[in-house]
Amino acid sequence: MNPLALDLNEQLSKAQPQVADMLSDLGKLMYYPKGILSQSAEAKKTKYNATIGMATYSDRKMYADSLYNAFNELEPDDIFPYAPPQGLEELRDLWKDKVQRDNPELNPNDYSRPIVTNALTHGLSLVGDMFVDTNDTILLPNHNWGNYKLIFSTRHSAQIETYPIFDDNGNFTTQGLVEALDRSNQEKIFLILNYPNNPTGYTPNKDEVKEIVNAIDRLSKRGTNVIAVVDDAYFGLFYEDVYPYSLFTALTQLDSEHVLPIRLDGATKELFAWGFRVGFITFGISDQKAQEVLEAKIKGLIRSNISSGPMPTQSIVKHVLENKDQLDRELQRNFETLKARYEVTKDLVYQDQYQSCWQPYDFNSGYFMALQVKGVDAEELRVHLINKYSIGVVALNDKDIRIAFSCVEKEDLQYVFDSIAQAINDLQ
Ligand SMILES: Cc1ncc(COP(=O)(O)O)c(C=O)c1O
């Protein structure tokens, strides 16, 4: 049991022992992790808060005006009624059109109509409910989003197995995943592919995607059932010549009935609408009957936990997708802003004067980049940065920090990285 859960149970046993006895097994196992959210909370008052998974200017969030304006354009019937558990039907079709436009190599018959989720976390939890049993193996890169642990290990008692995605020089490598897949002798394996990656901001190129997909293919041809979940939270934020589609596209092109690609995506980051809680789950399966059954089961899972998602924000996403040219222009502006910040960051972090302070991990996409810091403890550095420099970063472990350039103005990046280097020198 996680020490934080143990501590909560002990506190409850002291305060109200009878309530502690009432807890289910899951109730006993549950805790609130001291992860990114609590580090973000500590950095809330900093001048340069590069901890959060949103995109911001120094004085406001980076959003699309048409989404904001749509709040005044909805009719009562777009706001007050229940949405169906599977989401608004027109929204599902409009999202499928978007998926197809973004991934022209997808065969529209090879995947289901997207089902609306209460954003990506809910989608992850749903695939956990549907496909993960106690002690199943979940294969994750060792740089991964912390919430996977709570969802799959704590809620579903799965075994998390990790593999490296960077070599000793910080360069991306597929070797760890390929070796893990090649040596697997399980009947079933569940893997999450999250690119652009949180926390490192890396997306594989075409050849690297081919290596990953071929290894999945080889494993499935040996009879292992592979559930390949593609977490596309940051889809489209590609700043270099990477594989330009979702990995879901490459996976649906495999000719293996033992592979089930599942795509999770949504408005959260793609439309800069984090609080909307509108996401989608899509199955990469062509059989019509199987699509219908999977949809019925997901509807049952939704009905039995949140009943249905929020009507107002589903209506707004539907509304803007109906006028998508305007939306696309606004999203493109946001993209250009993030890309400019990425380029400045890239120019800065490899400079000679920082070599004694850190080694960057490869990055080319998304909101974040990560540094392996030299000669200091990452957590100690994080706290020092808040206290002395009013800068918020996330300590990922004892040697890596994550910096969200999505939250730092281009003009401030030099100061932020200079200060991180200075803070490292203070502590070295
Ligand atoms: C990799 C990854 N997956 C999923 C999510 C969750 O997204 P949502 O807010 O849509 O639940 C995040 C959010 O930070 C993320 O970074």
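All values reported here derive from a predicted model rather than from experimental measurement. Residue positions within a chain follow its written sequence, with the count starting from 1. Note on the predicted model: pLDDT of at least 70 is required for a residue's local features to be given, and 80 or more for side-chain atom pairs to be given and counted; whole-chain, interface and lining totals, by contrast, use all residues. Processing note: side-chain calculations cover all non-hydrogen atoms of the structure and skip hydrogens and water entirely.

Engineer: So what exactly am I meant to see when it comes to the overall build of the protein here?
Structural biologist: A tally of regular secondary structure across the protein gives 18 helices and 13 strands. The atom set for the radius of gyration is the C-alpha atoms, and the globule formula is 2.2 Å times the number of residues raised to the power 0.38. In terms of overall dimensions, the protein is globule-like: its C-alpha atoms have a radius of gyration of 22 Å, near the 22 Å expected for 428 residues. Considering only C-alpha atoms, the protein reaches an extent of 60 × 50 × 50 Å along its principal axes. Three labels apply to residues, based on accessible area from a 1.4 Å probe with only protein chains included: buried if under 20% of the type maximum, exposed if over 50%, partly exposed otherwise in between. Residues counted as buried form 54% of the 428 residues belonging to the protein. By definition in these notes, contact holds between two residues if any of their heavy atoms fall within 4.5 Å. A separation of at least 24 residues holds for 74% of the contacts in the protein among residues at least 6 apart in sequence. By the counting rule applied here, Lys and Arg register as positive and Asp and Glu as negative, while His and the ends of each chain are not counted. Here the site of a charge means atom NZ of a Lys, CZ of an Arg, CG of an Asp or CD of a Glu. Across the protein, the mean location of the 42 positive side-chain charges is 3 Å away from that of the 61 negative side-chain charges. Labels follow the DSSP assignment, with helices taken as runs of H or I lasting at least four residues and strands as runs of E lasting at least two, numbered in each case from the N terminus.

Engineer: What's the story with the domain arrangement of the protein in this structure? I'm lost.
Structural biologist: By a widespread convention, an interface's size corresponds to the accessible area lost as its parts come together. All the domain ranges listed were derived from an automatic or database domain assignment. With domains assigned, the protein is organised as domain 1 (33–53 + 328–427) and domain 2 (83–322). Computed over C-alpha atoms only, the centres of domain 1 and domain 2 are separated by 27 Å. Each partner contributes residues to the interface: domain 1 has 24 residues there, and domain 2 has 28 residues. Buried area adds together the accessible area that both of two parts lose upon being put together, with accessible area traced by a 1.4 Å probe. Among the residues domain 1 hides against domain 2, the three largest losses belong to D362, N364 and Y367. Together they make up 27% of the total. We count a salt bridge whenever a side-chain nitrogen from Lys or Arg sits within 4 Å of a carboxyl oxygen from Asp or Glu. Run the count over domain 1 and domain 2 and you get zero salt bridges. The term polar contact refers here to a pair of N or O atoms within 3.5 Å; inside protein, the definition further demands a hydrogen-donor-capable atom paired with an acceptor-capable atom, and it admits residues adjacent in sequence only when both atoms are side-chain atoms. Summed over the shared surface of domain 1 and domain 2, the result is 16 residue pairs in polar contact (both at pLDDT 80 or more).

Engineer: Help me understand the sheet that holds strand β8 (residues 279–283) in this model?
Structural biologist: Hydrogen bonds along the backbone pair up the strands of a sheet, which may run parallel or antiparallel. A sheet is described by the order of its strands in space; here seven strands give the open sequence β2-β8-β7-β6-β5-β3-β4, paired in mixed fashion. The sheet terminates laterally at β2 (115–117) and β4 (159–163), the two strands that pair on one side only. For this sheet, the mean inter-axis angle between neighbouring strands, taken without regard to orientation, is 25 degrees. In this structure, strand β3 (residues 137–141) lies alongside strand β5 (residues 188–193), joined through two bridges in parallel fashion. The residue of β5 that forms the bridge with L139 is L191. Whether two strands pair comes down to DSSP finding at least two bridges between them. Helix axes use the C-alpha atoms of the stretch in contact, all axes being lines fitted to C-alpha atoms, and the angles between their N-to-C directions lie in the range 0 to 180 degrees.

Engineer: Looking at this structure, I do not really get the UniProt feature "domain: Aminotransferase class I/classII large" (unreviewed entry) in the protein. What am I missing?
Structural biologist: Within the UniProt annotation, "domain: Aminotransferase class I/classII large" (unreviewed entry) is assigned to residues 63–420. Across residues 63–420, the secondary structure splits into 44% helix and 16% strand, with the terminal C-alpha atoms separated by 28 Å. UniProt positions are given in the numbering used here, feature names are shortened, and annotations may be inferred rather than shown by experiment.

Engineer: For this particular structure, what's the right way to read the packing of aromatic side chains?
Structural biologist: Here a ring pair, both rings aromatic, is described through the centre-centre distance and the interplanar angle of the planes. The pairing test for Phe, Tyr and Trp rings, Trp by its six-membered ring, is centres within 6.5 Å, and the orientation test on the planes gives stacked under 30 degrees, edge-to-face over 60, and tilted for anything in between. Summed over the entire model, instances satisfying the criterion amount to 28 aromatic pairs. Ring centres 5.7 Å apart and planes at 90 degrees place the aromatic pair W145 and Y148 in the edge-to-face group. Judged by relative accessible area, which is 1%, Y148 ranks as buried. Aromatic side chains F172 and Y195 sit 6.0 Å apart centroid to centroid with 90 degrees between the ring planes, which places their arrangement in the edge-to-face category. With F172 in the loop between β4 and α10 (175–183) and Y195 in the loop between β5 and α11 (206–221), this residue pair connects regions lying 23 residues apart in the sequence. Of the residues examined, Y195 reaches a relative accessible area of 5% and is grouped as buried. The rings of Y239, F335, Y342, Y350, F363 and F405 are connected pair by pair, giving a single aromatic cluster. By definition, being over a ring means that NZ of Lys or CZ of Arg is both within 6 Å of the ring centre and within 35 degrees of the ring normal. The positively charged end of K96 is found above the aromatic ring belonging to Y111, 4.2 Å away from the centroid. Note that K98 overlies the ring of W95, its terminal NZ or CZ placed 5.1 Å from the centroid.

Engineer: Which parts of the structure should I look at to understand helix α8 (residues 119–131)?
Structural biologist: Think of an α-helix as 3.6 residues a turn; residues three or four steps apart then line up on the same face. For a helix, the expected span equals 1.5 Å multiplied by the number of residues minus one. With 13 residues, α8 should cover 18 Å at 1.5 Å per step; its first-to-last C-alpha distance of 19 Å lies within 8% of that length. Among the 13 residues that make up α8, eleven are buried, leaving the element largely enclosed by the rest of the structure. Those residues of α8 lying buried are A119, L120, H122, G123, L124, S125, L126, V127, G128, M130 and F131.

Engineer: What's the story with the packing of helix α7 (residues 89–102) against helix α15 (residues 311–322) in this structure? I'm lost.
Structural biologist: Each pair of packed helices can be described by the angle between their axes along with the distance between the axes. For the pair α7 and α15, interaxial distance at closest approach is 9 Å and the crossing angle is 50 degrees. The orientation of α7 relative to α15 falls into the category oblique. Viewed along their axes, α7 and α15 form a crossing whose handedness is left-handed. Residue-level contacts link E90, L91, L94, W95 and K98 of α7 to Q314, V317, K318, L321 and E322 of α15. Three residue categories are used. Nonpolar comprises Ala, Val, Leu, Ile, Met, Phe, Trp, Tyr, Cys and Pro, charged comprises Asp, Glu, Lys and Arg, and polar comprises the others, including Gly. Its residues placed into classes, the contact of α7 with α15 shows five nonpolar, one polar and four charged. Note on terminology: angles under 35 degrees are roughly parallel, angles over 145 are roughly antiparallel, angles of 65 to 115 are roughly perpendicular, and the others are oblique. The sense of a crossing depends on the near helix, which, turned anticlockwise from the far helix by less than a right angle, makes the crossing left-handed and, turned clockwise, makes it right-handed.

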